[in-house]
Amino acid sequence: MMLDQIAENVRFFFGFSLANKTSMNPHGFWNHLTLLDRLAKEAAALGLLGDVAGLLAQAEDFRKLRAYRNKSITHWDASDSHLATTWDGTNLTIQRGFVGDRAELERRTAAGEFEFQMTVPLPGLYGLVDTYAATMQEFLESNAAKFVGN
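About the thresholds
Residues numbered from 1 in each chain as written. Predicted model: local features only at pLDDT ≥ 70, side-chain atom pairs only at ≥ 80, totals over all residues. Heavy atoms only, no water. Axes fitted to C-alpha atoms, helices over the stretch in contact; angles between N-to-C directions. Helix = DSSP H or I, 4+ residues; strand = E, 2+ residues; numbered from the N terminus. Parallel < 35°, antiparallel > 145°, perpendicular 65-115°, else oblique. Left-handed = near helix turned anticlockwise from the far one by under 90°. Contact = heavy atoms within 4.5 Å. Nonpolar A, V, L, I, M, F, W, Y, C, P; charged D, E, K, R; others polar. Expected span 1.5 Å × (residues − 1). Bend = angle between axes of the 7 residues up to and from the residue. Buried < 20%, exposed > 50% of the residue type's maximum accessible area, 1.4 Å probe, protein only.

A. Representation of the packing of helix H1 (residues 2–14) against helix H2 (residues 32–46). H2 packs onto H1 with a crossing angle of 25° between their chain directions and a minimal axis gap of 10 Å. In terms of axis orientation, H1 runs roughly parallel to H2. Helix-helix and strand crossings are classified by hand; for H1 and H2 the assignment is left-handed. Together, Leu3, Asp4, Ala7, Val10 and Phe14 of H1 and His32, Leu35, Leu39 and Leu46 of H2 make up the contact between the two elements. Grouping the constituent residues of the contact of H1 with H2 by class yields 7 nonpolar, 1 polar and 1 charged.

B. Fine view of H2. Here H2 is 15 residues long and its end C-alpha atoms lie 20 Å apart, about the 21 Å a rise of 1.5 Å per residue gives. The largest bend along H2 measures about 50° and falls at arginine 38. The complete set of buried residues in H2 reads His32, Thr34, Leu35, Leu36, Leu39, Glu42 and Ala43. Positioned one or two residues after H2, glycine 47 has a phi angle of 65°, which is positive.

In structure tokens form, the structure reads like this:
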């Protein structure tokens, strides 16, 4: 949601045209993926200053994280398994678990079915978001003369 808000702020700041209106986006606001698709072209058309390619490289990293989340975490589909999370004060660990009898668990564990585990250092993720937001703010400030606000 933060990334989508950053994208919409960029659209508003420069007065870029709205995205296509859909049932999921009835107002045509920019989202993070719209920014990836359109910022380079729009920036070139307006002659904006700054490292647009660098911004897009950072944004692409978030797109990859989002794609991974959508595929591997939020849309998990297995009736006999679940994801568990633990927090040790530094890292969020997401582990795949199993609901069922012990013998079946041991058989599937031996078969390597429960190797999935992902550890994300959340302070590191926060740092990535902070860096991206600060870089975008610098980009907007360096192009303040082109502010349109609609």
